[in-house]
Amino acid sequence: MILPDTKSSARWETADAKYLKEAFEAAGVDYDIQNAQGDATQFQTIADQMITSGVNVLMIVNLDSGSGKAVLQKAQSQGIATIDYDRLTLGGGADFYVSFDNVKVGQLQGEGLAKCLADDGKTTGNIAFLNGSPTDNNATLFKQGAATALGLADAPDPSNLKGQTAKVDGASYTVVADQAVDKWDNQVGGTIFEQMWTENAGKIDGVLAANDGLGNAAIAILKKNGVNGTIPVTGQDATDQGLQNILAGDQCMTVYKAVKKEADAASALAVALAKGEDTASLATGTVTDTETKKEVQSVLLDPEAIYFDNVKDVIADGYTTKEKVCTAELAAKCAEAGIS
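Keep in mind it's a predicted model, so treat the numbers as computed, not measured.

What counts, and at which threshold
Residues numbered from 1 in each chain as written. Predicted model: local features only at pLDDT ≥ 70, side-chain atom pairs only at ≥ 80, totals over all residues. Heavy atoms only, no water. Buried < 20%, exposed > 50% of the residue type's maximum accessible area, 1.4 Å probe, protein only. Helix = DSSP H or I, 4+ residues; strand = E, 2+ residues; numbered from the N terminus. Pairing = 2+ DSSP bridges. Disulfide = S-S within 2.5 Å. Axes fitted to C-alpha atoms, helices over the stretch in contact; angles between N-to-C directions. Parallel < 35°, antiparallel > 145°, perpendicular 65-115°, else oblique. Left-handed = near helix turned anticlockwise from the far one by under 90°. Contact = heavy atoms within 4.5 Å. Phe/Tyr/Trp six-rings, centres within 6.5 Å; stacked < 30°, edge-to-face > 60°. Lys NZ or Arg CZ within 6 Å of the ring centre and 35° of its normal. Salt bridge = Lys/Arg side-chain N within 4 Å of Asp/Glu carboxyl O. 1 Å grid on protein atoms, 1.4 Å probe; cavity = no way out; pocket = protein on both sides within 12 Å on 5 of 7 lines; lining within 4 Å. Points joined across faces, edges and corners; volume = space filled by probe spheres on them. Nonpolar A, V, L, I, M, F, W, Y, C, P; charged D, E, K, R; others polar. Core = buried A, V, L, I, M, F, W, Y, C linked by side-chain atoms within 4.5 Å.

(A) Quick peek at the pairing of strand E3 (residues 57–60). Side chains Val 57 and Met 59 of E3 all project onto a buried face; the interleaved residues Leu 58 and Ile 60 project onto the opposite face, where all are buried too. Strand direction decides the pairing type here: E3 and strand E4 (residues 81–85), joined by four bridges, are parallel. Following the sheet pairing, Met 59 is matched in E4 by Ile 83.

Encoded structure:
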């Protein structure tokens, strides 16, 4: 298993690596889980070492489709079964794909931003899109879902929604900024959002941030300008930081993806492939590779929108703990949110 990094989201080490390790150990199979730390060359080196060592199954979270495709095809040429985990590698031809319904993730974000704006009594205003990496197919799907939820699905140029008008339930919002963040780099995201803020003279009423890291980067700029908590910001991954931002009132929502379910589904597939067992009942869905137009056998799981009132669900599910989320400063908010 090759994970992508630890910089874009804490989940890769705190959740995915942990749950995969537990599943492989329970199944009694040999495993090797490594992290490429955002380096495509290191990703290739790890893959080469794994292929040379004689693995039966190679599972990856690509850094980009180009480098991911090269790794998958090399493994396939050696007769190794391949699984795309979380991100589909366009043109890669993986045997299986295990992820969440990523268009739905974006829809929940778009619906969340519209809900939070409406709850604040804003039926008009300006919104900014702070998107994930342009080389990550998931980021494209997140934006697609958000655009659909915000009535922007028919925009002339989906890659650039700036200047378009989002129309939801009688409300009307103008997209004043729409930019991707290379490699999901939170520091770069903060710089980009600060530029958006300056260019629009602070007239931004809502932020569609693609994950909690980018949401927090935007929140830092809002804090700098003394307006955090007054402008809804979305997120994804239900990170401890994201949940804390929601409890504090600085972030309006996140999207929870029960990573244990994803890791369990992927590990079940990997173990079956390694042992030569039947996989027909394990992957019952398909997704279309937009590059090759071929169908990829898939497991697609349902994401969940998290707001202040159901932050407790993420903790109850065992994804994180009260001790990690409920700092002394947030004790009263945690009590208000029913976290026990």
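(B) Highlighting the state of the cysteines. Taken as a whole and judged by the stated rule, the model has one disulfide. With a sulfur-sulfur separation of 2.1 Å, Cys 326 is cross-linked through a disulfide to Cys 334. What sets the handedness of the Cys 326 and Cys 334 disulfide is the S-S torsion sign, and at about -100° it is left-handed. Taking the relative accessible area as the measure of exposure, Cys 334 reaches 1% and is therefore buried.

(C) Quick peek at the packing of helix H1 (residues 11–27) against helix H9 (residues 259–275). Contact geometry for H1 and H9: axes closest at 9 Å, N-to-C directions at 40°. Judged by the inter-axis angle, H1 sits oblique to H9. Where H1 crosses over H9, the two elements pack in a sense that is right-handed. Of the residues in H9, those in contact with Arg 11, Ala 15, Asp 16, Tyr 19, Leu 20, Ala 23, Phe 24 and Ala 27 of H1 are Val 259, Lys 260, Glu 262, Ala 263, Asp 264, Ser 267, Ala 270, Val 271 and Lys 275.

(D) Molecular detail of the packing of aromatic side chains. Enumeration according to the criterion identifies four aromatic pairs in this entry. Over the face of the ring belonging to Trp 12 we find Arg 11, whose NZ or CZ atom lies 4.2 Å from the ring centre. Stacked on the ring of Tyr 307, the Lys or Arg Lys 115 has its end atom at 4.8 Å from the ring centre.

(E) How the structure looks around the pattern of salt bridges. Enumeration over the complete set of coordinates arrives at 15 salt bridges. Close ionic contact of Glu 262 with Arg 11 constitutes a salt bridge, the shortest N to O distance being 2.9 Å. Of this pair, Glu 262 sits in helix H9 while Arg 11 sits in helix H1; the two residues are 251 residues apart in sequence, bridging distant segments of the chain. A single burial state applies to Glu 262 and to Arg 11, both of which are buried. Measuring nitrogen to oxygen at the nearest pair gives 3.1 Å for the salt bridge that ties Asp 136 to Arg 87.

(F) Structural detail: empty space enclosed by the protein. Enumeration over the complete set of coordinates arrives at two cavities of 30 Å³ or more. Roughly 120 Å³ of volume is contained in the largest cavity. Mapped onto the lining of the largest cavity, the elements with two or more residues apiece are H1 and helix H5 (137–149). The class makeup of the residues in the lining of the largest cavity is three nonpolar, five polar and six charged. Taken as a whole, the second largest cavity spans an internal volume of roughly 50 Å³. Considering the residues around the second largest cavity, the lining is formed by Gln 109, Asn 131, Gly 132, Ala 139, Phe 142, Lys 143, Ala 146, Leu 208 and Ala 210. Residue contributions to the lining of the second largest cavity peak at four residues, all from H5.

(G) Examining the nonpolar core more closely. Within the largest apolar cluster, 46 residues are counted, with the highest numbers of intra-cluster contacts made by Met 59, Ile 83, Tyr 85, Leu 247, Tyr 319 and Ile 339. Mapped by element, the contributors of at least two residues to this core are H1, E3, E4, strand E5 (96–100), helix H8 (240–248), H9, strand E12 (295–301) and helix H10 (311–316). Sort the elements by how many residues they give to this core and H9 lands first, with seven residues. Sequence-distant contacts of Leu 247, that is, excluding residues within four places in its chain, are made with Phe 308, Val 311, Val 325, Leu 330, Lys 333, Cys 334, Ala 337 and Ile 339.

(H) Expanded view of the side chain of Asn 102. For Asn 102, the location among the structural elements is in helix H4 (residues 102–119). What makes Asn 102 buried here is its relative accessible area of 3%.

(I) Main features of the environment of Val 299. With respect to the helices and strands, Val 299 occurs in strand E12. Judged by relative accessible area, which is 12%, Val 299 ranks as buried. Aside from chain neighbours lying at most four places away, what touches Val 299 is Tyr 97, Val 98, Ser 99, Ala 265, Leu 269, Leu 282 and Ala 283.

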